[in-house]
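# Breakdown of the fold
As a plain string of letters, each chain reads:
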Amino acid sequence: MTADQKNIIKSTVPVLKENGVLLTDHFYKRMFVHNPELKNIFNMSNQQNSRQQTALAMAILAYAENIENPAVLMPAVNGIGQKHVSLDIRPEHYIIVGKHLIVSIGEVLGEAATPEILDAWEVAYNQLAQIMSGHEHKLYSEKVNTKGGWIGWKPFVVKEKIVESSEITSFHLYPADQGPLADFIPGQYLSVRLFIPELNLLQPRQYSISNAPNGSYYRISVKKETAANLNPDGLISNRLHDFVHVGDILEVTAPAGSFMLANNNDHPVVFISGGVGQTPLISMLEELIKSGSKKPVTWIHGCRDKNVHAFKETIEYWSGQKQAVKKHIFYDQVDQESAGETLYQGWVDLNVLGDELLKLDTEYYICGPGPFITKHYKELVAKGIRAEAIHFEEFGPQTLHLN
Ligand SMILES: Cc1cc2nc3c(=O)[nH]c(=O)nc-3n(C[C@H](O)[C@H](O)[C@H](O)COP(=O)(O)OP(=O)(O)OC[C@H]3O[C@@H](n4cnc5c(N)ncnc54)[C@H](O)[C@@H]3O)c2cc1C
Ligand code: HEM
């Protein structure tokens with residue numbers, strides 16, 4: 001890239017800030033008209049709520065802002081790359097995306113998009129595409145070089161389906177070819193895809209693996225997303241609950257994701273989850289227990305009431321006399337039957353737990369809805385916790401930029 005082109009890219013940052021989502025919205029609409037086959041790899045529900053458009057716009061903006069030194073973007077490139085490899089994105093896809101992105105810049109900016117601007121963006125996009133697909137190539141290579149590892153979609157048999165609460169059900173997935181199971185790092189997720197006849201489309205979704213590696217099967221635990229207000233029933237979670245049975249085959253990609261324990265120390269660990277957000281944290285907790293870790297562990301979980309409280313007995317067992325897991329459970333509604341237990345009424349509130357949780361060397365892992373993560377992250381930072389000690393996972397396109 002020439003110095004002039006870098007200056008042009010930097011000069012378009014304000015326009016991107018103003019029009020980023022408009023541009024990416026236009027881009028997706030255009031791409032799906034011209035390349036409708038790509039609807040099979042995108043989560044089409046995410047297209048309805050602007051989250052994917054926002055994630056892409058923020059990534060492009062961050063790139064434009066750091067055009068002089070794209071190396072600073074590597075953590076973000078890794079996060080996006082993990083999602084891309086989990087969806088089997090290949091270098092040839094980058095050519096299609098690049099074409100629609102550049103044409104969209106022209107169509108959205110109109111006359112303001114001079115040939116120089118479009119040329120500069122084409123060079124810049126190709127540079128970013130090279131960085132990203134190069135990194136993704138490394139991630140794919142790691143997968144094929146792992147025992148039992150694979151790339152693309154592989155059939156797994158559902159050998160057990162277990163009801164964990166009124167709205168969360170677990171599926172135990174075994175490789176259909178009876179070959180070895182690739183290990184994973186607790187906190188990672190899989191993508192699962194189903195064919196949706198009404199849409200004539202395949203639709204993928206990510207699910208965190210909710211058990212520790214055991215060499216036999218992956219467990220995913222899925223919340224049934226039921227219709228609320230004007231929103232329809234969740235497409236895949238309802239099908240998994242209602243139509244996928246023991247003995248059925250699911251297509252799955254290899255474990256991916258960068259949400260994981262900082263394992264290079266004996267620092268205390270605090271897990272903070274809301275609802276089904278506990279799944280990656282349960283995997284981490286099981287791993288700590290199985291490995292005989294000496295880290296002091298605190299489990300903080302909130303959900304609506306006891307009917308939706310999944311893995312209650314597992315956590316009770318682990319927090320029993322012999323294990324060093326302290327638990328604090330919050331219910332929005334505490335009924336009379338549950339009132340005798342050690343429960344807090346209301347939303348998860350770290351303040352009621354006192355300063356004992358707030359040690360400088362503690363590592364915090366948060367998973368739940370976006371506002372849940374934001375609230376606890378901000379409270380912890382306000383209490384003097386280092387941002388690097390707070391780790392979180394969003395169950396959707398990465399749109400929170402907290403640290
Ligand atoms: C890394 C990661 C890990 C995850 N781990 C888990 C996990 O362990 N367990 C789990 O249960 N989930 C997990 N998820 C979430 C999961 O991937 C799905 O998003 C979830 O199951 C909902 O998918 P769905 O197809 O049922 O719903 P979707 O059809 O995708 O709908 C999602 C929501 O959008 C609403 N919606 C859909 N269409 C529209 C529309 N046209 N207008 C307005 N609103 C609409 C729906 O009502 C619903 O509430 C994870 C996600 C990620 C990214
Ligand atoms: C420079 C180019 C690209 C950038 C900057 C980019 C950026 C992003 C970002 C920020 C996310 C959200 C990540 C997350 O939620 O964790 C994402 C997800 C995704 N990207 Fe890309 N991407 C690029 C290229 C591509 C290409 C070439 C494809 C393939 C057609 C693709 C397909 C997807 C899909 C399918 C998702 C998941 C979205 C969903 O299911 O909602 N991306 N990308």
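Rules of the game
Residues numbered from 1 in each chain as written. Chains lettered and ligands numbered in written order. Predicted model: local features only at pLDDT ≥ 70, side-chain atom pairs only at ≥ 80, totals over all residues. Heavy atoms only, no water. Near = heavy atom within 4 Å. Polar contact = N/O pair within 3.5 Å; in protein donor to acceptor, adjacent residues only side chain to side chain. Areas by Shrake-Rupley, 256 points an atom, 1.4 Å probe, with all protein chains shown as cover. Helix = DSSP H or I, 4+ residues; strand = E, 2+ residues; numbered from the N terminus. Pairing = 2+ DSSP bridges. Axes fitted to C-alpha atoms, helices over the stretch in contact; angles between N-to-C directions. Contact = heavy atoms within 4.5 Å. Core = buried A, V, L, I, M, F, W, Y, C linked by side-chain atoms within 4.5 Å. Buried < 20%, exposed > 50% of the residue type's maximum accessible area, 1.4 Å probe, protein only. UniProt positions renumbered as here; feature names shortened; annotations may be inferred. Salt bridge = Lys/Arg side-chain N within 4 Å of Asp/Glu carboxyl O.

### Topic: the site of ligand 1
- Neighbouring ligand 1 are 24 residues; Gln206, Tyr207, Pro232, Ile236 and Ser237 lie closest to it.
- Gln206 has a polar backbone atom sitting 2.6 Å from an oxygen atom of ligand 1.
- When ligand 1 sits alone it has 970 Å² of accessible area, and the protein chains cover 83% of it.
- Going through the elements one at a time, β4 (201-208), β5 (218-223) and α7 (235-243) are the ones with two or more residues in the shell around ligand 1.

### Some words on the sheet that holds strand β10 (residues 343-345)
- Strand order in the open sheet formed by 6 strands is β10-β9-β8-β7-β11-β12, with parallel pairing between adjacent strands. The open sheet terminates on both sides in strands that have one partner only, identified here as β10 and β12 (390-393). On average, each strand axis in the sheet is inclined to that of its neighbour by 15 degrees, with strand direction left out of account.
- Of the strand pairs in this sheet, strand β7 (residues 269-274) and strand β8 (residues 297-303) are connected by 6 bridges, and their pairing is parallel. Bridged to Val270 within β8 is Thr298.
- Relative to the sheet, helix α8 (residues 279-290) contacts β7, β8, β9 (325-331) and β11 (363-367), its axis offset from that of β7 by approximately 150 degrees.
- Most of the contacts of helix α10 (residues 370-382) go to β11, to which it runs at about 160 degrees, and overall it touches β7, β11 and β12.

### A short note on the sheet that holds strand β2 (residues 168-175)
- Read across the sheet, 6 strands follow the order β4-β3-β6-β1-β2-β5 without closing on themselves; strand pairing throughout is antiparallel. Across the chains shown, the open sheet's two edge strands, defined by having one partner strand only, are β4 and β5. Across the sheet, the axes of successive neighbouring strands diverge by a mean angle of 40 degrees, strand direction being ignored.
- Of the pairings in the sheet, the one linking strand β3 (residues 189-196) to strand β6 (residues 249-252) comprises 2 bridges and is antiparallel in character. Following the sheet pairing, Arg193 is matched in β6 by Glu251.
- Packed on one face of the sheet, α7 meets β1 (154-163), β2, β3, β4, β5 and β6 and runs near 80 degrees to β4.

### A short note on the nonpolar core
- Core analysis: the biggest nonpolar cluster contains 35 residues, and Ile9, Leu16, Met31, Phe32, Phe42 and Trp121 have the highest contact counts within it.
- Of the residues forming this core, the biggest block, 8 residues, is contributed by helix α6 (residues 115-144).
- Each residue touching Met31, except ones within four places of it in the same chain, is listed here: Pro36, Leu38, Phe42, Val97 and His100.
- Core analysis: the second largest hydrophobic core is formed by 26 residues, Ile168, Val308, Ile329 and Cys367 among them.

### Some points on the side chain of Ser165
- Structurally, the position occupied by Ser165 is in the loop between β1 and β2.
- Among the polar contacts listed, one links the side chain of Ser165 to the backbone nitrogen of Ile168, at a separation of 3.1 Å.
- The contacts of Ser165, once residues within four sequence positions are left out, are Asn307, Val308, His309 and Ala310.

### Description of the site of ligand 2
- Taken together, 22 residues surround ligand 2, and among them Asn46, Lys83, His84, Pro397 and Gln398 come closest.
- A distance of 2.9 Å separates an oxygen atom of ligand 2 from a polar side-chain atom of Lys83.
- Of all elements in the fold, only α3 (51-65), α4 (74-86), α5 (91-109) and α6 reach the threshold of two or more residues within the shell around ligand 2.
- Per-element tally for the shell around ligand 2: the top contributor is α3, with 4 residues.

### Observations concerning the UniProt feature "domain: FAD-binding FR-type" (unreviewed entry) in the protein
- UniProt feature "domain: FAD-binding FR-type" (unreviewed entry): in the numbering of this structure it lies at residues 151-262.
- Summarising residues 151-262: 8% helix, 39% strand, and an end-to-end C-alpha distance of 26 Å.

### Considerations on the pattern of salt bridges
- On inspection of all chains with the given rule, the structure shows 16 salt bridges.
- Across the salt bridge formed by Arg30 and Glu107, the nearest N and O atoms sit 3.1 Å from each other. Taken together, the residues Arg30 in helix α2 (residues 13-34) and Glu107 in helix α5 connect sequence positions 77 residues apart.
- Glu107 sits in the partly exposed class, given a relative accessible area of 41%.
- In this structure, Lys154 engages Asp177 in a salt bridge whose closest nitrogen and oxygen atoms are separated by 3.5 Å. Of this pair, Lys154 sits in strand β1 while Asp177 sits in the loop between β2 and β3, placing them 23 residues apart in sequence.

### What about the UniProt feature "domain: Globin" (unreviewed entry) in the protein?
- As recorded in UniProt, the sites labelled "domain: Globin" (unreviewed entry) are residues 1-137.
- Across residues 1-137, helical content stands at 74% and strand content at 0%; the span's end C-alpha atoms are separated by 23 Å.

### Looking at the environment of Glu379
- With respect to the helices, strands and loops of the structure, Glu379 is situated in helix α10.
- A C-alpha to C-alpha distance of 37 Å links Glu379 and Ile89, two positions 290 residues apart in sequence.

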